[in-house]
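Residues per chain, in single letters:
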Amino acid sequence: MNDKPWVVTVDGPAGAGKSTLARLLAAKLGYLYLDTGAMYRAVAWAALQRGIGPEDDEAVAKLLHDLEVSLVPGKDGRCRVQVDGKDVTAQLRSPEVTRTVPLFAQIPAVREALMGWQRSWGERGGVVVDGRDMGTHVFPWAQRKFFVTASPQERARRRFRQLRRQGFAVTFDQVLREVLERDHQDETRALAPLEAASDAIWVDTTGVKVQETIRRMWSYFPRHVPRGAVGGRRP
Ligand code: C5P
């Protein structure tokens with residue numbers, strides 16, 4: 001039996017619960033959790049800092065070339081993000097970054113650069129990756145693929161609570177509008193749009209407790225799934 005650790009993909013729209021589920025699965029498997037949304041957010045954040053707009057192809061290409069983005073697994077299994085050596089994790093969730101990130105995520109050079117990086121992490125296996133196009137484009141060969149959804153109201157509610165906890169002054173209606181707008185942008189872009197892989201397992205998290213969803217996802221793994229040893233590995 002081939003005991004190389006697997007690649008597990010968790011795709012879905014904003015606020016569906018992907019990152020929590022991917023992180024918990026990674027912990028159960030002893031795999032590394034890779035938050036690919038954070039990579040796109042880091043690019044958008046760095047562009048905003050430098051006053052670069054998504055329409056400026058040349059400046060975006062130069063930014064990608066110069067930028068050093070690292071994901072560092074935190075003690076709690078969450079990904080911390082460093083840009084040019086500085087921890088910018090807290091800043092990546094701001095409403096401004098959230099609004100602009102889909103515009104950068106539709107640029108071919110951005111997707112290509114990040115895909116290369118994501119694949120270099122996946123090729124040794126032992127990763128759970130969350131995003132929009134992991135099962136369809138980046139890791140079409142992944143051993144398990146999940147597509148996680150929830151109703152737009154529930155997704156907006158989760159984002160709203162999260163943003164309020166982080167101190168952002170937003171209203172529920174504003175968050176709902178933005179969640180729907182972002183879904184639309186991610187679903188309709190030409191390159192690697194948000195969609196479920198044909199062989200993905202659908203997981204609806206509306207009104208379901210996290211542990212119950214994890215139990216369900218776990219039931220799709222064989223008892224002897226190759227475990228990973230993430231110690232010492234850094235994305
Ligand atoms: O998952 P998160 O909400 O942090 O993702 C932020 C944005 O990054 C998404 O709305 C999408 O535009 C982009 N993204 C993407 N492909 C991925 C992950 C994220 O286009 N694999």
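Refer to the preceding data block for the structure.
What counts, and where the lines are drawn
- Residues numbered from 1 in each chain as written.
- Predicted model: local features only at pLDDT ≥ 70, side-chain atom pairs only at ≥ 80, totals over all residues.
- Heavy atoms only, no water.
- Helix = DSSP H or I, 4+ residues; strand = E, 2+ residues; numbered from the N terminus.
- Rg over C-alpha atoms; globule rule 2.2 N^0.38 Å.
- Buried < 20%, exposed > 50% of the residue type's maximum accessible area, 1.4 Å probe, protein only.
- Contact = heavy atoms within 4.5 Å.
- Areas by Shrake-Rupley, 256 points an atom, 1.4 Å probe, with all protein chains shown as cover.
- Lys, Arg positive; Asp, Glu negative; His and termini not counted.
- Charge placed at Lys NZ, Arg CZ, Asp CG, Glu CD.
- Salt bridge = Lys/Arg side-chain N within 4 Å of Asp/Glu carboxyl O.
- Expected span 1.5 Å × (residues − 1).
- Core = buried A, V, L, I, M, F, W, Y, C linked by side-chain atoms within 4.5 Å.
- Pairing = 2+ DSSP bridges.
- Axes fitted to C-alpha atoms, helices over the stretch in contact; angles between N-to-C directions.
- Phe/Tyr/Trp six-rings, centres within 6.5 Å; stacked < 30°, edge-to-face > 60°.

**Some remarks on the overall build of the chain**
Helix and strand counts for the chain stand at nine helices and eight strands. Computed over the C-alpha atoms, the radius of gyration of the chain is 17 Å, within 12% of the 18 Å expected from 2.2 N^0.38 for a compact globule of 235 residues. Each principal axis of the C-alpha distribution contributes one length, and for the chain these read about 50 × 40 × 35 Å. Residues counted as buried form 50% of the 235 residues belonging to the chain. Taking the contacts inside the chain whose residues are at least 6 apart along the sequence as the reference set, 75% of them involve residues at least 24 apart. When the accessible surface of the chain is totalled, it reaches about 11,600 Å², and 51% of it is carbon and sulfur. The centroid of the 36 positive side-chain charges in the chain is displaced by 9 Å from the centroid of its 28 negative side-chain charges.

**Brief notes about the pattern of salt bridges**
This structure, assessed with the given rule, holds twelve salt bridges. A salt bridge links R50 to D84; its shortest N-O distance comes to 3.3 Å. Taken together, the positions of R50 in the loop between α2 (36-49) and α3 (57-66) and D84 in the loop between β4 (79-83) and β5 (86-87) put the pair 34 residues apart, joining distant regions of the chain. The partner of R80 in a salt bridge is D87, with the nearest N and O atoms 3.0 Å apart. Residue R80 is classed as partly exposed on the basis of its relative accessible area of 39%. Taking relative accessible area as the criterion, D87 reaches 36% and is therefore assigned partly exposed. Where salt bridges share partners, they join R132, D186 and R189 into one cluster.

**Observations regarding helix α1 (residues 18-29)**
Here α1 is twelve residues long and its end C-alpha atoms lie 16 Å apart, about the 16 Å a rise of 1.5 Å per residue gives. Looking only at α1, the buried set comprises K18, L21, A22, R23, L25, A26 and L29. Summarising the contacts, the buried residues of α1 are in contact with β1 (7-11), β2 (32-35), β6 (127-131), β7 (144-149) and α9 (210-218). In the segment just after α1, G30 is the residue with positive phi, at about 75°.

**A look at the nonpolar core**
In terms of nonpolar packing, the biggest core is built from 58 residues, with V8 and V128 touching the most fellow members. With nine residues, the top contributor of residues to this core is α2. Listed in part, the seven residues of the second largest apolar core include A156, F160, L163 and V175.

**What about the environment of L64?**
Considering the arrangement of structural elements, one finds L64 in helix α3. A C-alpha to C-alpha distance of 15 Å links L64 and T36, two positions 28 residues apart in sequence. The residues contacting L64, other than those within four sequence positions of it, are V43, A109, V110 and A113.

**Details of the sheet that holds β4**
Strands belonging to one sheet form pairs held by backbone hydrogen bonds; the direction of such a pair is parallel or antiparallel. Across the sheet, which stays open at both edges, the three strands sit in the order β3-β4-β5 with antiparallel pairing between neighbours. Bordering the open sheet on either side are β3 (69-73) and β5, each of which pairs with just one other strand. As paired strands, β3 and β4 are joined by five bridges and run antiparallel to one another. Along β4, the bridge assignment pairs P73 with C79. Relative to the sheet, α2 contacts β3, β4 and β5, its axis offset from that of β4 by approximately 30°.

**Here's the deal with the side chain of R41**
Residue placement: R41 occurs in helix α2. Among buried charged residues, R41 stands out as having no salt bridge; its nearest opposite-charge side chain is D35, 6.5 Å away. For R41, the contacting residues outside a window of four places in its chain are L92, R93, V97, T98, V101, R159 and R182.

**Some remarks on the environment of V170**
On the secondary structure map, V170 appears in the loop between α7 (152-165) and α8 (172-188). Accessibility expressed as a relative area gives 6% for V170, which makes it buried. Considered as a pair, V170 and R111 are 59 residues apart in the sequence and their alpha carbons are 30 Å apart. Beyond its immediate chain neighbours, meaning those up to four positions away, V170 contacts P95, F160, L163, R164 and V175.

**Observations concerning the packing of aromatic side chains**
What describes a pair of aromatic rings is the distance from one ring centre to the other and the angle between the planes of the rings. If you walk through the whole model with that rule in mind, you get seven aromatic pairs. Joined through ring pairs, the aromatic side chains of W6, F146, W218, Y220 and F221 make up one cluster.

**Topic: the environment of D76**
In this fold, D76 is placed in the loop between β3 and β4. Sequence spacing of D76 and P5 is 71 residues, and the spatial spacing of their C-alpha atoms is 21 Å.

The values reported here are purely geometric and, on their own, carry no functional implication.
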